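# Structure at a glance
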Amino acid sequence: MAEAHQAVGFQFTVTPEGIDLHLSREVLKHIYLSGVTSWRKRAIRLKNGILTGVYPASPSSWLILVIAIMSTLYTRVDPSMGMIDSIKETLPVSDYMTVQTQTVVSAILFATGLWFSLILILRYTLKALLSYHGWIFESHGKKSFSTKLWLNLVKMLSGQRPLLYSFQASLPKLPVPRVEDTVRRYLESVRPLLDDEAYKQMETVANEFEKDPAPKLQKYLILKSWWSANYVSDWWEQYIYLRSRGPIMVNSNFYTMDLLYITPTHRQAARAGNVVHAMLQYRRKLERGEHAPMRALGIVPMCSFQMERMFNTCRIPGVETDYLQHLKDRKHLVVYHRGRFFKVWLYYGGRHLFPSELETQFQRILGDPTEPRPGEERLAALTAGDRVTWARARMKYFSQGVNKASLDAIETAAFFLTLDDESHGYDPENGRSLDMYAKSLLHGKCYDRWFDKSFTLIIYKNGKMGLNAEHSWGDSPIVGHMWEVGPTSWLPTRCAANLEIMEIADDVDFHSFLFDEFGKGLIKRCRTSPDAFIQLALQLAQFRDKGKFCLTYESSMTRMFKEGRTETVRSCTCESTAFVRAMEDEGKTLFQKAADKHQNMYRLAMTGSGIDRHLFCLYIVSKYLGIDSPFLKQVLSEPWRLSTSQTPQQQLNLIDIQKFPKYVSAGGGFGPVADDGYGVSYIIVGENLITFHISSKFFSPETDSYRFGQNIRQAMLDIKALFNVEKKKP
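Residues numbered from 1 in each chain as written. Predicted model: local features only at pLDDT ≥ 70, side-chain atom pairs only at ≥ 80, totals over all residues. Heavy atoms only, no water.

### Quick look at the pairing of strand β9 (residues 332-337)
Across the six residues that make up β9, a large majority, six, are buried. Burial along β9 is two-sided: H332, V334 and Y336 facing one way and L333, V335 and H337 facing the other are all buried. Here six bridges tie β9 to strand β10 (residues 340-345), and the two strands are oriented antiparallel to one another. Directly across from V335, in β10, lies its bridge partner F342. Between the end of β9 and the start of β10, which pair antiparallel, lie two residues, with R338 showing a positive phi angle near 50 degrees. In this structure, β9 lies alongside strand β13 (residues 416-419), joined through three bridges in parallel fashion. From the neighbouring strand, Y336 faces β13, where its bridge partner is T418. (Buried < 20%, exposed > 50% of the residue type's maximum accessible area, 1.4 Å probe, protein only. Helix = DSSP H or I, 4+ residues; strand = E, 2+ residues; numbered from the N terminus. Pairing = 2+ DSSP bridges.)

This is the structure in structure tokens:
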């Protein structure tokens, strides 16, 4: 592996008398500074750990309570109701423990115990308050008195200046829905997709499952919910992601784009230096737990668990299952450029490298004329292909020597950086610019992204950038949080997986476009949810595209619960299909009914009453118990021919889009879930822009991403025509 070095720390020469070591005073100075920085970092983590551990109280509140209790000793008032005297009796009397000292120590111990008891009471009270979700089901902009009271209580108990993990101990657990509720909602979700005979058959199978073995499976699932932090998340990570043996490129990884209209600099090395430095600053606050927790309505806290593995994390392949390797304090990153790998140190003298110093490093890499070593250029293709092939190649070729050391350097890096030799970004004069940009971020050349790393940062030749993220460790909103702030010998032969993965990449049909005819501002004036409006437009577009409806997946978050990740909203409903079929007649009435239905389903998913995660976990329990369930087999084998997701925008509200309308991102996307279906990601940007990312497969004669994009655009316009509203002029 080629290496880029910031500074040479020491030199040595071999002489007849042995090794002559020349130490540098400058190096010793920086070694000392590194040690000081390391201890300072430990002290800050300890301090923040204590602050998080006692939240919503604070160390100062302990001191105030101790002083208050001590003060009562002089007024002959005993707030402990005799407990201080009881503690005093257990303390030994000696020369060092006088009667007066015993009294003081007893008072301090009582105050400390009282303080911890109050912390537990506050936490459980806050947890009970956060278990209430009635506010989600109220109409937008209309809050009942009980909800207003609830919000004020949550705000009061949330304390001042919480740290990233301050609320983790107060978050409620994800509840296990009742089997009968889940089965009923499932049958309701498939009714518009089945004819009468097929629906009756499914209803019979579902009712049989509800009688047996569902009650037995449910008992085990409830037991798991009592014992574990979240009854879904660990199994979801293990069985949906890590045990999947297919390629993760296109099929699992997702991407995020740069700002649409702004490029801070067109100098590739300068952009890389600034972005990497910003990410290091973000990582420092993340490791110290100093970021503010994300909160719905600015009040209701959401789980921060996923953020722990954002950096210093790599997916390690295995024959039967992969695992996630997460490390701490990684001081280097690995850079890929023109077929070569470079190891770049991120610290100097106990501090992060400055942006200008990083720029110098990256410029050296860009100017390095050396050629890749045999097998080096396409090595990363192994991470894109079949997991079993990669696991066996790893065991065979990377178990010792320089190959092992080189692979360790990549897998233990803070993250992976590609200095791409192509130029991409949004070009208003090129209608395919976003399509090519998306394909480059999703798969590139198949060998110039390390798909196993938690994320690969990609800096293009023209200064634009993007990110490709591995999915098992976290979801899109987590990456979006960071994105808003930051921004020797190898294998002896060519990688065998290359042809297969190139076919996967070449088969992806992408179309991305900006919908700027109207946006969230106009949709809200139609008195409906922007997400419901878009989802109904997708149903209309799907029907016009294929002449039929299909099972539709929309991702919803469950992060109001401890270690929550996602739940499925089944967007194709009886109400939505009725609206599409009657679009030209009484479309407006049916639209509102379908939109209300969608909003209610989304809210149910957010509050732990979804369908699919519950059925998934019941299926896992059935496999452990060796129970065969035709109903669960049928449910989990149904293809999602329309898979959709909304990319969150402005989670941190760092930029006022009204004042700076050009500082907006195009969002991100993912590959199609079904071979004959579509993957659709969209981001609602400000009041007047929505960006769509559509993926499908070329080999399917039923799909065409560009055609579907045009259907979406027309569906949006047709639904808007149902309402007597116009876009406000700027």
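### As for the UniProt feature "transmembrane region" (unreviewed entry) in the protein
UniProt records the feature "transmembrane region" (unreviewed entry) at residues 50-74 and 104-126, using the numbering of this structure. The span residues 104-126 is 100% helix and 0% strand, and its two end C-alpha atoms sit 33 Å from each other. (UniProt positions renumbered as here; feature names shortened; annotations may be inferred.)

### Considering a nonpolar patch on the surface
Nonpolar side chains collect at one region of the surface, where F145, L149, L153 and M156 lie side by side and expose about 450 Å² of accessible area between them. As for its position among the elements, F145 is in helix α5 (residues 145-157). (Patch = residues over 30% accessible without salt bridge, like charges linked within 9 Å, V, L, I, M, F, W, Y side chains within 5 Å. Areas by Shrake-Rupley, 256 points an atom, 1.4 Å probe, with all protein chains shown as cover. Salt bridge = Lys/Arg side-chain N within 4 Å of Asp/Glu carboxyl O.)

### Structural notes on the nonpolar core
M249, M257, F341 and W450 are the most contacted members of the largest nonpolar core, which has 46 residues in total. By size, the runner-up hydrophobic cluster in this structure holds 42 residues, among which are F415, L417, L457 and I459. (Core = buried A, V, L, I, M, F, W, Y, C linked by side-chain atoms within 4.5 Å.)

### Here we look at the side chain of H693
Tracing the backbone shows H693 in strand β22 (residues 689-697). In this structure the side chain of H693 is engaged in a polar contact, spanning 2.9 Å, whose partner is the side chain of Y255. For H693, the side chain forms a polar contact with the side chain of S512, separated by 3.2 Å. (Polar contact = N/O pair within 3.5 Å; in protein donor to acceptor, adjacent residues only side chain to side chain.)

### Concerning the sheet that holds strand β19 (residues 642-646)
The strands making up a sheet are joined through hydrogen bonds of the backbone, oriented either antiparallel or parallel. With respect to topology, six strands assemble into an open sheet ordered β16-β22-β21-β19-β17-β18, the strand pairing being mixed. Two strands lie at the open edges of the sheet, namely β16 (508-515) and β18 (566-570), each paired on one side alone. Looking at each pair of strands side by side, their axes are set apart by 20 degrees on average, direction ignored. Relative to β18, strand β17 (residues 552-557) runs antiparallel, the two sharing five bridges. Its bridge partner being in β18, Y553 is matched across the sheet by R570. Contacts between helix α24 (residues 705-720) and the sheet are confined to β16, β19, β21 (678-685) and β22, with β16 contributing the most and set at about 25 degrees to the helix. (Axes fitted to C-alpha atoms, helices over the stretch in contact; angles between N-to-C directions. Contact = heavy atoms within 4.5 Å.)

### As for the packing of aromatic side chains
Both the distance between ring centres and the angle between the ring planes are used here to describe each pair of aromatic rings. Summed over the entire model, instances satisfying the criterion amount to 32 aromatic pairs. Here the aromatic rings of Y239 and Y624 are separated by 6.5 Å at their centres, their planes lie at 75 degrees, and the arrangement is edge-to-face. Take Y624: its relative accessible area is 54%, and that puts it in the exposed class. For the pair Y261 and Y426, a centre-to-centre distance of 6.0 Å together with 80 degrees between the ring planes defines the contact as edge-to-face. Note that Y261 is positioned in the loop between β4 (254-257) and α10 (268-288) and Y426 in the loop between β13 and α15 (433-442), a separation of 165 residues in sequence. For Y261, a relative accessible area of 35% puts it in the partly exposed group. Three or more aromatic residues joined by ring pairs form one cluster here, namely Y336, F341, W390, F398, F416 and W450. Positioned over the ring face of W235 is K224, at 4.4 Å from the centre of the ring. (Phe/Tyr/Trp six-rings, centres within 6.5 Å; stacked < 30°, edge-to-face > 60°. Lys NZ or Arg CZ within 6 Å of the ring centre and 35° of its normal.)

### Observations concerning the pattern of salt bridges
Side-chain pairs of opposite charge can arise where the charged atoms are in close proximity. If you walk through the whole model with that rule in mind, you get 36 salt bridges. The residue D676 makes a salt bridge to R641 at a minimum N-O spacing of 2.9 Å. Of this pair, D676 sits in the loop between β20 (668-670) and β21 while R641 is found in the loop between α23 (630-637) and β19, placing the two residues 35 residues apart along the sequence. A relative accessible area of 30% places R641 in the partly exposed class. A cluster of three or more residues bridged by salt bridges with shared partners is formed by R245, R315, D322, R387, D452 and E470.

### Some thoughts on the UniProt feature "domain: Choline/carnitine acyltransferase" (unreviewed entry) in the protein
The UniProt entry lists residues 174-484 and 497-714 under the feature "domain: Choline/carnitine acyltransferase" (unreviewed entry), expressed in the numbering used here. The span residues 174-484 carries 42% helix and 15% strand; its end-to-end C-alpha distance comes to 28 Å.

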